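Each chain, letter by letter, is given below.
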Amino acid sequence: MTHALYQPIELAFRGEAAVPAGSVAPVTVTFRHDSGEEVSVDGFWDGGTAYRARFLPEAEGAWTWEVARSLTPLDQTSGSFDVAAAEGHGPVRVAETFHFAHADGTPFRPVGATVYNWIHQDEPLVSDTVASLRDAGFNKLRFMVFPQAGGSVEHTPTLMPFEKTDDRWDVTRPVPEFFQRLDGLVRDLGEAGIEADVLILNAYDRGVFGLDELTEEEDAIYVRYLVSRLAAFPHVWWSLCNEYDQLLRPEDRWDRLGEFVARIDPYDHPRSIHNWMHIFDNNRPWVTHASIQNGSVTEAPGRARTYRDAYYKPIVLDEIKYEGDAEARWGRLSAKELVDRFWITTIEGCYASHGESFVTDSGSLHIVEGGRLRGDSPARLGFLRGVLDDLVVPGLNPIDKWDDPEYGAGWAPKQYLIYLGSSAPAAWRIRIPIGYADETKPQEGDRYAVDLIDTWNMTITRAGTFALDEVHRDFAFAGSDPIAIPEGEAIAVRLTRADLA
């Protein structure tokens, strides 16, 4: 049998007894490539006497598999398959210190979205959420596994993740139907080209469901089961919790959970933890990228980049306030304000996530229940994603982090992006910043294609191709006459070396 590279392979087993979740996986399978590479995968119970093990191949060629351990006799214990041409680009991982790329080297630039309680809604909200995010161009979605309670939650799900024993959730008895539904929704995101940023634990139970009362040992049983089900999907990310510090757990407990996820995930998916008031120590080795809530650092350039120096990892500002009409101060940004914040984040060498907080017909908010997007920012953020996808460099880094008044970003000397802000001047002299640490600096005579990007009206206009005729210590210039800019508009300027444009 032949399978595609970077696509999940599922083995289905029939056992002689039901062995639900526990501190040890009920089935462990070893996959061996003809090169000698081995990958050990935990299987999981899927109801009755059904067991499954999912594997994500990252090498073409011949593979064999063998059940290394099982807590019940199984109907099959070994087999083989071939892996051929890739479908997709593979899982996303950190690249070039501050950025992301797929396993095949294709850069991934997250332009994310947030719908916390999405998987717990009924149709058509569930399908409408995916379709609307896909159509807008978002490529990552943050959502919770456990149901949310509290403000703006107008729908209580009937399907819960575990059965109860003595009126307490029993994590050793997961509800297969719940997790099968989760599997399907994660698969739907992948088919729509959207990475699934899975929020493993929930800070918003408020004692309504009691899922915030799990012990550390119960966390580990649940997380082992969750990872064994979802890790083989190439588009999965892990976030331990949204606003983790609301749960009032010791930080060393979070640290142990993060280390556990890193240890049991065979594919090294991105891992993070998101803050409320207290930012987690994202220097921890298990944290692959910093997921940060902070709206103020996106209000003006020169702020968010300091997180890069603090953590030396990709920075994803996963909550920067929302476009909407909610009463809360975090939910009343205009579309122009939110789009401006995304572009500021971009030239800071960071990434951001969108959310929409318009009050819905049910009295909830889009960031809670999902559905069709209503705001004016999604189309503009999809346009930004297109600009990022068209980059000819691995990512954007601040060039002169301390003294450039225009806060230019890029990858010297190949490509630069300068955001002139929400109200551009009538003219701009072509200028490229030069950083002290640039290994290769632009030279006199280098030619650059200059594009004017109207970030609100979503147009890109080629202003021409210009040769640098002045190269100084801090800046390089092309010509003494400024070029005309659409005055008052939100304009970015992209400069691409002519041989790469």
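Residues numbered from 1 in each chain as written. Predicted model: local features only at pLDDT ≥ 70, side-chain atom pairs only at ≥ 80, totals over all residues. Heavy atoms only, no water.

Strand-to-strand pairing in sheets goes through backbone hydrogen bonds, with the strands running parallel or antiparallel. The eight strands are arranged S18-S17-S16-S13-S12-S22-S20-S19 in an open sheet whose pairing can be described as parallel. The sheet terminates laterally at strand S18 (271-272) and strand S19 (290-293), the two strands that pair on one side only. Both strand S16 (residues 195-201) and strand S17 (residues 236-241) contribute to a ladder of five bridges, which runs parallel. Looking at the pairing, Leu201 lines up with Cys241 of S17. Contacts between helix H3 (residues 216-230) and the sheet are confined to S16 and S17, with S16 contributing the most and set at about 165° to the helix. (Pairing = 2+ DSSP bridges. Helix = DSSP H or I, 4+ residues; strand = E, 2+ residues; numbered from the N terminus. Contact = heavy atoms within 4.5 Å. Axes fitted to C-alpha atoms, helices over the stretch in contact; angles between N-to-C directions.)

Okay, the packing of helix H6 (residues 335-347) against helix H8 (residues 377-389) next. Two quantities define a packed helix pair, namely the angle between the helix axes and the distance between the axes. Where H6 meets H8, the axes come as close as 9 Å, and the angle between the chain directions of the two elements is 20°. Between H6 and H8, the angle is such that the two are roughly parallel. The two elements H6 and H8 cross, and the hand of that crossing is right-handed. Residues Ala335, Leu338, Val339, Phe342, Trp343 and Thr346 of H6 lie in contact with H8, whose contacting residues are Ser377, Arg380, Leu381, Leu384, Val387 and Leu388. Of the residues belonging to the contact of H6 with H8, the class tally is nine nonpolar, two polar and one charged. (Parallel < 35°, antiparallel > 145°, perpendicular 65-115°, else oblique. Left-handed = near helix turned anticlockwise from the far one by under 90°. Nonpolar A, V, L, I, M, F, W, Y, C, P; charged D, E, K, R; others polar.)

Before going further, it helps to spend a moment on helix H2 (residues 176-191). For the α-helix, the turn length of 3.6 residues means that residues three or four positions removed from each other point alike. For H2, with 16 residues, the first-to-last C-alpha span of 22 Å sits near the 22 Å given by 1.5 Å per residue. Burial in H2 covers these residues: Pro176, Phe178, Phe179, Leu182, Asp183, Leu185, Val186 and Leu189. Trailing H2 by a residue or two, Gly193 shows a phi angle of about 75°, which is positive. (Expected span 1.5 Å × (residues − 1). Buried < 20%, exposed > 50% of the residue type's maximum accessible area, 1.4 Å probe, protein only.)

The next thing to look at is the packing of aromatic side chains. Between two aromatic rings, the relevant description is the distance of the centres plus the angle of the planes. According to the stated counting rule, one finds 26 aromatic pairs in the structure shown. Look at Phe162 and Tyr222: their rings are 5.7 Å apart centre to centre, the planes differ by 90°, and that puts the pair in the edge-to-face class. On the criterion of sequence distance, the pair formed by Phe162 in strand S14 (residues 162-165) and Tyr222 in helix H3 is long-range, its members being 60 residues apart. Through a chain of ring-to-ring contacts, three or more aromatic side chains come together here, namely Phe44, Phe146, Phe162, Phe178, Phe179, Tyr222 and Tyr225. We note Arg429 situated over the ring of Phe477; from NZ or CZ to the ring centre the distance is 4.2 Å. (Phe/Tyr/Trp six-rings, centres within 6.5 Å; stacked < 30°, edge-to-face > 60°. Lys NZ or Arg CZ within 6 Å of the ring centre and 35° of its normal.)

Purely spatial values, then, with no claim about function.
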